[in-house]
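Close look at the chain arrangement
Residue-level listing of the chains:
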Amino acid sequence: MDHQFFRGRRLRRTSQLRDLVAETSVGIEDLIQPIFVQDGKGQQIPIPSMEGIFRWSVDLLSQEMDALAEAKVGSVIVFGMPDSSKKDGKASGAYASQGSAQEAIRFIKKNYPHISVISDVCLCAYTDTGHCGVMGEDDIDNDASLEVLSQVALSHAQAGADVVAPSDMMDGRVWAIRQTLDEKGFSHIPILSYSAKYASSFYGPFRDATDCAPQKGDRQGYQMDPRNQREALREIGADLQEGADMVMIKPALAYLDIIHETKLTYDVPVFAYNVSGEFAMIKAAAEKGWIKEEPAVREMLTSIKRAGADRILTYFAKNFQKYFS
Ligand code: PBG
């Protein structure tokens, strides 16, 4: 019989055949685990909206780091949080050499030298307004924020961060940080820019975790408008010109088209942030028995890879082996 139709099922018949022709794979080496550190001692504070994720004081951080090392996680991104009494108009806690982020970076690099440390560079956990830049008269003062952000990046590099990652979305931050790092002897430290960071509702649990929701207003004056794709490419192009070595798209799931276009357009490493709301949605639905967590996580991370992400920041990194083995 002369078949005129396509027998796509031939290559789906057994799991061996499916593996043979699989186009995308996700490995633990693709994943970066975010960790939250805070001032104080003896603290392991659960985050109610993020099951299994804690805020750690640095003296207890070895518990989490041992678990991550055991789980073969090769990279972390560190988010610091000050005591609420230390928040101020100038975000001065953000570049304190003894701040929780700086201490955590030093601790990890000393005790887990094989794990690479990316540091999140932002002001929102350190300003009394909860905004990612410092305030001027009645709005964020973009250019004054650049100086502070540069100091933050420098303090992280001095503490030993392998990569600095500005997430504030101020204009010119990559340029300002690059200049400062170069002047101070850190021309070898790469910048991973959160280039296309959207004003998203999927950051809700993270803002619980880091107590960084804006007191007034929102972040739409600096984070990107979810309606725009071409603007993302413009932001990414600008960051690369300013000296970014790697770029990030954030969130991931609702922005797979942006990840894809970025991968097609630029020849730099593309990172995607599988954010807190994406984590919480899966956890919550799984808890209700509405979806199965492990295959859902696998499918989600695969989709982000397939869209074009080279690496994924995800709260699921820690349990990845459990999901994929
Ligand atoms: C703050 C920052 C945010 C996230 C990473 N850095 C929140 C925000 O911009 O409001 C979100 C991470 C997540 O939701 O997992 N600069």
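Now for a look at the structure at hand. What you are looking at is a predicted structure, and each value in this text was computed from that prediction instead of being measured.

Definitions and limits used
- Starting afresh in each chain, residues are numbered from 1 along the sequence in its written order.
- Restriction of local features to residues with pLDDT of at least 70 applies here, the model being predicted, together with a cutoff of 80 or more for giving and counting side-chain atom pairs; totals for whole chains, interfaces and linings are based on all residues.
- Based on all heavy atoms of the structure, the side-chain values leave hydrogens and waters out of the count.
- Numbering of helices and strands runs from the N terminus; a helix is a DSSP stretch of H or I covering at least four residues, while a strand is a stretch of E covering at least two.
- We take the radius of gyration over the C-alpha atoms and set the globule estimate at 2.2 Å times the residue count to the 0.38 power.
- Partly exposed residues are those whose accessible area sits between 20% and 50% of the maximum for their type, while under 20% is buried and over 50% is exposed, using a 1.4 Å probe and protein chains only.
- Any pair of residues with heavy atoms lying within 4.5 Å of one another is described as a contacting pair.
- Only the protein chains shown count as cover for residues, and the accessible areas themselves come from Shrake-Rupley with a 1.4 Å probe.
- One less than the number of residues in a helix, times 1.5 Å, gives the span that helix is expected to have.
- Only protein atoms enter the 1 Å grid, on which a cavity is a set of points fitting a 1.4 Å probe that cannot get out and a pocket is an open set with protein on both sides within 12 Å along at least 5 of 7 lines, lining residues being those with an atom within 4 Å of a point.
- Grid points are joined across faces, edges and corners, and a volume is the space filled by probe spheres set on the points.
- Throughout this entry, Asp, Glu, Lys and Arg are counted as charged residues, while Ala, Val, Leu, Ile, Met, Phe, Trp, Tyr, Cys and Pro are counted as nonpolar. The remaining residues, Gly among them, count as polar.
- The definition of a polar contact used here is a pair of N or O atoms within 3.5 Å, where within protein one atom must be able to donate a hydrogen and the other to accept one, and adjacent residues in sequence count solely through side-chain atom pairs.
- Two rings from Phe, Tyr or Trp (for Trp, the six-membered ring) form a pair when their centres are within 6.5 Å of each other. A pair whose planes differ by under 30 degrees is stacked, one over 60 is edge-to-face, and the rest are tilted.
- Charge over a ring is defined by NZ of Lys or CZ of Arg lying within 6 Å of the ring centre and within 35 degrees of the ring normal.

**Here's the deal with the overall build of the chain**
Helices and strands together make up the secondary structure of the chain, namely eleven helices and ten strands. Its C-alpha radius of gyration of 20 Å places the chain within 12% of the 20 Å reference for a compact globule of 325 residues. For the chain, the spread of C-alpha atoms along the principal axes amounts to about 80 × 45 × 40 Å. Counting over 325 residues, the chain shows a buried share of 52%. Excluding contacts between residues fewer than 6 apart, the proportion of contacts in the chain whose partners are at least 24 apart in sequence is 74%. Of the roughly 15600 Å² that the chain leaves accessible, carbon and sulfur atoms contribute 48%.

**Description of helix H3 (residues 100–111)**
Over its twelve residues, H3 extends 16 Å from the first C-alpha to the last, a length consistent with the 16 Å expected when each residue adds 1.5 Å. Every buried residue of H3 is accounted for by Ser100, Ala101, Gln102, Ala104, Ile105 and Ile108. Where the residues of H3 are buried, they touch strand E1 (31–38), helix H2 (61–70), strand E4 (75–81), strand E5 (116–121) and helix H4 (142–159).

**A few points about empty space enclosed by the protein**
To find leftover empty space, a probe the size of one water molecule is rolled over the atoms. Summed over the entire model, instances satisfying the criterion amount to one cavity of 30 Å³ or more. Looking at the largest cavity, it is lined by 23 residues, and the ones nearest its centre are Phe79, Asp120, Cys122, Cys124 and Phe206. When residues of the lining of the largest cavity are traced back to their parent elements, those giving at least two are E4, H4 and helix H6 (204–210). Looking at the lining of the largest cavity residue by residue, the classes come out as 13 nonpolar, five polar and five charged.

**A word on the side chain of Ser145**
Mapped onto the elements of the fold, Ser145 is located in helix H4. Accessibility expressed as a relative area gives 0% for Ser145, which makes it buried. At a separation of 2.7 Å, a polar atom in the side chain of Ser145 contacts the main-chain carbonyl oxygen of Asp141. Look past the residues within four positions of Ser145 in its chain and what remains in contact with it is Gly133, Val134, Ile140 and Met170.

**With respect to the packing of aromatic side chains**
Tallied over the entire structure, the rule returns eleven aromatic pairs. When the ring of Tyr198 is compared with that of Tyr255, the centres are 4.2 Å apart and the planes differ by 20 degrees; the resulting orientation is stacked. One end of the pair, Tyr198, is in the loop between strand E7 (192–197) and H6; the other, Tyr255, is in the loop between strand E8 (246–250) and helix H8 (256–265), with 57 residues separating them in the sequence. The same class applies to Tyr198 and to Tyr255, which are both buried. Ring geometry for Phe279 versus Phe316: centroids 4.7 Å apart, planes at 50 degrees, classification tilted. With Phe279 in helix H9 (residues 276–287) and Phe316 in the loop between strand E10 (311–314) and helix H11 (320–324), this residue pair connects regions lying 37 residues apart in the sequence. Both residues of the pair, Phe279 and Phe316, count as buried. Ring-pair connections join several aromatic residues into one group, and the members of that group are Phe36, Phe79, Tyr194, Phe206, Tyr273, Phe279, Tyr315 and Phe316. A cation over an aromatic ring shows up here: Lys197 above the ring of Tyr203, its NZ or CZ 5.6 Å from the ring centre. Residue placement shows Lys250 over the ring face of Tyr203; its charged tip is 4.7 Å from the ring centre.

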